[in-house]
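# Chains, contacts and geometry: an overview
Residue strings, one per chain:
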Amino acid sequence: MEEERFNEEVKDLMRDAQQQAVMNYNQELSTMHFLAAMCDQKDGFFPYLLKNLNVDANTFTNEAKDLIKSLPSVKGVDRLSMSMGLARVFGLAEKAAGQGEINISHLLGAMVEDGDTEVVNLCKKYGITKREIESFMLNTKVVRIATKTRKPWKNTVRT
């Protein structure tokens, strides 16, 4: 997968997810790290989605970060690999994007359906489904077109 197909928000998210893995001494980058990185976004798509689904962001974030705490940690290892689950999610996100840019909704849509089991279950628990994400993105596009705002969620969520 070519990194240039990712939009800037996904590129930032990738860096943040890698940082999550490194700071927790995890050898493998997984969808759990991506979910935790999404939770840490200050004015990104995911906090805006949580708000619109009436999900308490703090509670969800704590549960997402608890998933990372359950992963094995190994000090002294200098290699970070990608989990099979995350590789599959990237493949599904690329497929969903078609020839276009891969955005966070493609990535999140793939994660909630086919990410690590723990991520799928957590998202399901809070009603975060691919259908909800797609519906939300469609509504966001309408707002974006009407207001000519590229990212209507920017600066609208206060954490």
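Reference entry: report on the structure contained in this document.

### Concerning the pattern of salt bridges
Oppositely charged side chains can pair when the atoms bearing their charge come close. The final tally for this structure, using the stated rule, is eight salt bridges. The shortest N-O distance in the salt bridge between Glu-94 and Arg-5 comes to 3.2 Å. Taken as a pair, Glu-94 in helix H5 (residues 84–97) and Arg-5 in the segment before helix H1 (8–23) lie far apart in primary sequence, 89 residues in all.

### Some thoughts on the environment of Asp-40
Positionally, Asp-40 belongs in the loop between helix H2 (31–39) and helix H3 (45–52). As for Asp-40 and Asn-58, which are separated by 18 residues in sequence, their C-alpha atoms are 10.0 Å apart. For Asp-40, the contacting residues outside a window of four places in its chain are Gln-20, Thr-61 and Lys-65. Of note is the side chain of Asp-40, whose polar atom sits 2.8 Å from the side chain of Gln-20.

Cut-off values and rules
- Residues numbered from 1 in each chain as written.
- Predicted model: local features only at pLDDT ≥ 70, side-chain atom pairs only at ≥ 80, totals over all residues.
- Heavy atoms only, no water.
- Salt bridge = Lys/Arg side-chain N within 4 Å of Asp/Glu carboxyl O.
- Helix = DSSP H or I, 4+ residues; strand = E, 2+ residues; numbered from the N terminus.
- Contact = heavy atoms within 4.5 Å.
- Polar contact = N/O pair within 3.5 Å; in protein donor to acceptor, adjacent residues only side chain to side chain.

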